[in-house]
2 protein chains.
Amino acid sequence: MTANELYTTILTKKSYLCVGLDTDIRRIPTHLQREPDPVAAFNRQIIEATAEYAVAYKPNIAFYEAQGPRGWESLQRTLEYIPKDCFTIADAKRGDIGNTSGLYARTFFDPASSGLDFDAVTVAPYMGRDSVEPFLEFENKWVILLALTSNAGSSDFQQWPVGGEKLYENVIRTSQTWAGADRMMYVVGATRADELAHIRTLIPDHFLLVPGVGAQGGSLAEVSRYGMNQQCGLLVNASRSILYASGGTDFAQKAADEARALQQEMAGYL
Amino acid sequence: MTANELYTTILTKKSYLCVGLDTDIRRIPTHLQREPDPVAAFNRQIIEATAEYAVAYKPNIAFYEAQGPRGWESLQRTLEYIPKDCFTIADAKRGDIGNTSGLYARTFFDPASSGLDFDAVTVAPYMGRDSVEPFLEFENKWVILLALTSNAGSSDFQQWPVGGEKLYENVIRTSQTWAGADRMMYVVGATRADELAHIRTLIPDHFLLVPGVGAQGGSLAEVSRYGMNQQCGLLVNASRSILYASGGTDFAQKAADEARALQQEMAGYL
């Protein structure tokens, strides 16, 4: 999917909501546990209930691979349920030396290899340029590079000063020589909304994937105010607040209610 | 496995060789391609041929997950073939916010969840302390933290000066407050053998996992001279030079020859 196609979807749906599919088999409602694939059955209903309000879906790969081979089958099925007009993100935080990153890229971008065909994958920057470039060799696919994350540990290294700038600023500046705003996005944690305005001066044109709204405490109003650019430039993720809005048989309806509330707030900011 | 148990195995086998199972289905000898699980069949013969000379095996997870669910089944089978006296490393380079890292830890450490039961997993440090700690909650399991890698991109961020020290030094220093030498090891690329002596002054007691000997060009003599401590403290990895020593029906014998040569050189350094 191109940036223009994504922006068109954002305008059509009046939304920049990304639904994070952090589907924990231990938290799926009881009545679905007897399904042959409870995770896929749960995701299918979540996707159907929220697709009107969401422009992107982001399976968190850890939740699937923790289930072994059947988890990867759940992931394959889940990806098939996502409507084609939605942007799909493998939240995998991968990154390794070049030939290994090439295999990770095939995992998420090459259906002939793995059965998966995501639009984007999240990548950790620690190993540098040649750990990221293999993901960029796939046409119309995206790297979403970790810049500033929303967890407490983001202060351990990301915030350290590196030659007059913080490490995460250095990551943003350096990585801009690897690909443009048509191939790369950045993860920027919403609990740092005060830093969004500053980050926008560094990368005015890039899409930002913003986790941490909802269960992690970020404010959608602040993120939108400081993070938006002329082509929206934001994908704001909510996971647990949508997936687990109810633990009962009405979980899909409650998920839709949560997604709609976020979409309606977003429509106001667009 | 404890550090003492690992050291005992090192003394018994007179080896600190780790065989990297970067098993690329495209490079498996033709006669194995008709097996129901060619990757597992190849790995089984590699493991049987090299177990006398190796103290550790390190499947590179990218090569398995690129094959989708059947790749994870190959990984499960491979782990079953590795003798119990060998240390097993999931080379996965994972790391995410706490609850997600907890799921990645279950992937590699909790056989009831994923079918896998590794001794150790490689973890990327970018997201800081709370992205690493969930892996440390599993008893007798190890985190092998990326410090200085062997690829060209290691100069992009790892070598940058952070408040008077390089980022990788900062990672080593900071992470020592998270766990001791009984639970944590570090990845240190062998192509930087000149930095090993310096790293030893920072972490005299920790095991170092050293990739990059062989195909990546590192020198076993230099690594051993500058990296060894009183309990050996080294796991030196070789992957492609062993796995693909021959592309024919004699691949296992040639792999054994390569592993034996490395073991005999190591015996001289111990």
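Conventions we followed
- Residues numbered from 1 in each chain as written.
- Chains lettered and ligands numbered in written order.
- Predicted model: local features only at pLDDT ≥ 70, side-chain atom pairs only at ≥ 80, totals over all residues.
- Heavy atoms only, no water.
- Helix = DSSP H or I, 4+ residues; strand = E, 2+ residues; numbered from the N terminus.
- Rg over C-alpha atoms; globule rule 2.2 N^0.38 Å.
- Contact = heavy atoms within 4.5 Å.
- Areas by Shrake-Rupley, 256 points an atom, 1.4 Å probe, with all protein chains shown as cover.
- Lys, Arg positive; Asp, Glu negative; His and termini not counted.
- Charge placed at Lys NZ, Arg CZ, Asp CG, Glu CD.
- Buried < 20%, exposed > 50% of the residue type's maximum accessible area, 1.4 Å probe, protein only.
- Buried area = accessible area lost by both parts, 1.4 Å probe.
- Salt bridge = Lys/Arg side-chain N within 4 Å of Asp/Glu carboxyl O.
- Polar contact = N/O pair within 3.5 Å; in protein donor to acceptor, adjacent residues only side chain to side chain.
- Nonpolar A, V, L, I, M, F, W, Y, C, P; charged D, E, K, R; others polar.
- Pairing = 2+ DSSP bridges.
- Axes fitted to C-alpha atoms, helices over the stretch in contact; angles between N-to-C directions.
- Core = buried A, V, L, I, M, F, W, Y, C linked by side-chain atoms within 4.5 Å.
- Parallel < 35°, antiparallel > 145°, perpendicular 65-115°, else oblique.
- Left-handed = near helix turned anticlockwise from the far one by under 90°.
- Arc of directions from axis to C-beta.
- Least-squares fit on C-alpha atoms with pLDDT ≥ 70 in both.

Participant: Talk me through the overall build of chain A; I want residue IDs and the actual numbers.
Facilitator: Per the secondary structure count, chain A includes 12 helices and 10 strands. Whereas a compact globule of 270 residues would reach a radius of gyration of roughly 18 Å, chain A reaches 18 Å, a difference of no more than 12%. In terms of principal-axis extent, the alpha carbons of chain A reach across some 55 × 45 × 35 Å. Residue pairs at least 24 apart in sequence account for 72% of intrachain contacts in chain A once pairs closer than 6 positions are excluded. Counting only carbon and sulfur atoms, one obtains 47% of the accessible surface of chain A, whose full area is about 9300 Å². The averaged location of the 32 negative side-chain charges in chain A is 3 Å from the averaged location of its 24 positive side-chain charges.

Participant: Break down unusual backbone geometry for me, citing the residues and quoting the values.
Facilitator: Residue and element names in this part refer to chain A. Of note in this structure, Lys14 is not a glycine but carries a positive phi near 50°. You can see Lys14 is positioned in the loop between helix H1 (3–13) and strand S1 (17–21). By relative accessible area, which is 47% here, Lys14 ends up partly exposed. Even without being a glycine, Asn140 presents a positive backbone phi close to 60°. Position of Asn140 among the secondary structure elements: in the loop between helix H7 (129–136) and strand S5 (142–148). We classify Asn140 as partly exposed; its relative accessible area is 43%.

Participant: I'd like a rundown of the interface of chain B and chain A, residues and numbers included.
Facilitator: With 59 residues of chain B at the contact, the number on the chain A side is 59 residues. Summed over both partners, the interface of chain B with chain A buries about 5100 Å², with 58% contributed by carbon and sulfur atoms. One can count 4 salt bridges joining chain B with chain A. B:Glu65 serves as the salt-bridge partner of A:Arg94, at 3.0 Å between the closest nitrogen and oxygen. Between chain B and chain A we count 31 residue pairs in polar contact (both at pLDDT 80 or more) in total. Counting residues per element, the side of chain B that touches chain A draws most heavily on helix H5 (residues 98–109) of chain B, which supplies 7 residues. When grouped by side-chain class, the residues that make up the side of chain B that touches chain A number 25 nonpolar, 20 polar and 14 charged.

Participant: So what's going on with the sheet that holds strand S3 (residues 87–94) of chain A? Residues and values would help.
Facilitator: Residues and elements named next belong to chain A. Around the barrel, 8 strands lie side by side as S1-S2-S3-S4-S5-S8-S9-S10; this closed barrel has parallel pairing. Neighbour-to-neighbour, the strand axes of this sheet turn through a mean angle of 30°, independent of strand direction. With 2 bridges connecting them, strand S2 (residues 56–59) and S3 associate as parallel partners. Among the inter-strand pairings, Ala56 is bridged to a residue of S3, identified as Phe87.

Participant: Any chance you could break down the nonpolar core for me, citing the residues and the numbers?
Facilitator: Looking at soluble globular proteins, one finds that nonpolar side chains tend to be buried together. In this structure, A:Phe87, A:Phe108, A:Leu235, B:Phe87, B:Phe108 and B:Leu235 are the most contacted members of the largest nonpolar core, which totals 203 residues. Apart from residues no more than four positions distant in its own chain, B:Phe108 is found in contact with A:Glu65, B:Ile61, B:Trp72, B:Ala90, B:Ala92, B:Arg94, B:Ser114, B:Leu116, B:Asp117, B:Phe118 and B:Val121.

Participant: Account for the packing of helix H8 (residues 167–175) of chain B against helix H9 (residues 193–202) of chain B, with residues named and values stated.
Facilitator: Residue and element names in this part refer to chain B. Where H8 contacts H9, the two axes come as close as 10 Å, and the packing angle between them is 30°. Between H8 and H9, the angle falls in the class roughly parallel. The crossing of H8 and H9 is right-handed. From H8, Tyr168, Glu169 and Ile172 reach across to H9, where they touch Glu195, His198, Ile199 and Leu202. Its residues assigned to classes, the contact of H8 with H9 shows 4 nonpolar, 1 polar and 2 charged.

Participant: Kindly report on the pattern of salt bridges, identifying the contributing residues and their values.
Facilitator: Where charged atoms from two side chains of opposite charge approach closely, those side chains can pair. In total, this model carries 30 salt bridges over all chains according to the counting rule given. With a closest N to O distance of 3.4 Å, A:Arg44 and A:Glu48 form a salt bridge. Taken together, the residues span about one helical turn, with A:Arg44 and A:Glu48 both in helix H2 (residues 38–50) at a distance of 4 residues. Judged by its relative accessible area of 40%, A:Arg44 falls in the partly exposed class. We classify A:Glu48 as exposed; its relative accessible area is 56%. A cluster of three or more residues bridged by salt bridges with shared partners is formed by A:Lys58, A:Asp91, A:Lys93 and B:Asp96.

Participant: Pulling in residues and values, what's your account of helix H9 (residues 193–202) of chain A?
Facilitator: All names here are of chain A. Turning to H9, its buried residues are Ala193, Glu195, Leu196, Ile199 and Arg200. Seen from one end, H9 has its buried residues packed into an arc of 150°, which puts them on one side. Every exposed residue of H9 that faces more than 90 degrees away from the buried side is listed here: Asp194 and Thr201. Close packing links the buried residues of H9 with S5, strand S7 (165–166), helix H8 (167–175), strand S8 (184–188), strand S9 (208–210) and helix H10 (220–227).

Participant: Would you mind going over the relation of the copies chain B and chain A in detail, with residue names and values included?
Facilitator: Expressed as a screw operation, the relation of chain B to chain A combines 0.0 Å of axial shift with a rotation of 180°, fitting to an RMSD of 0.0 Å. The two molecules are tied by a two-fold rotation axis, judged by turn and shift. A shared binding surface is used by both copies, with 100% of the interface residues of chain B retained as interface residues in chain A.

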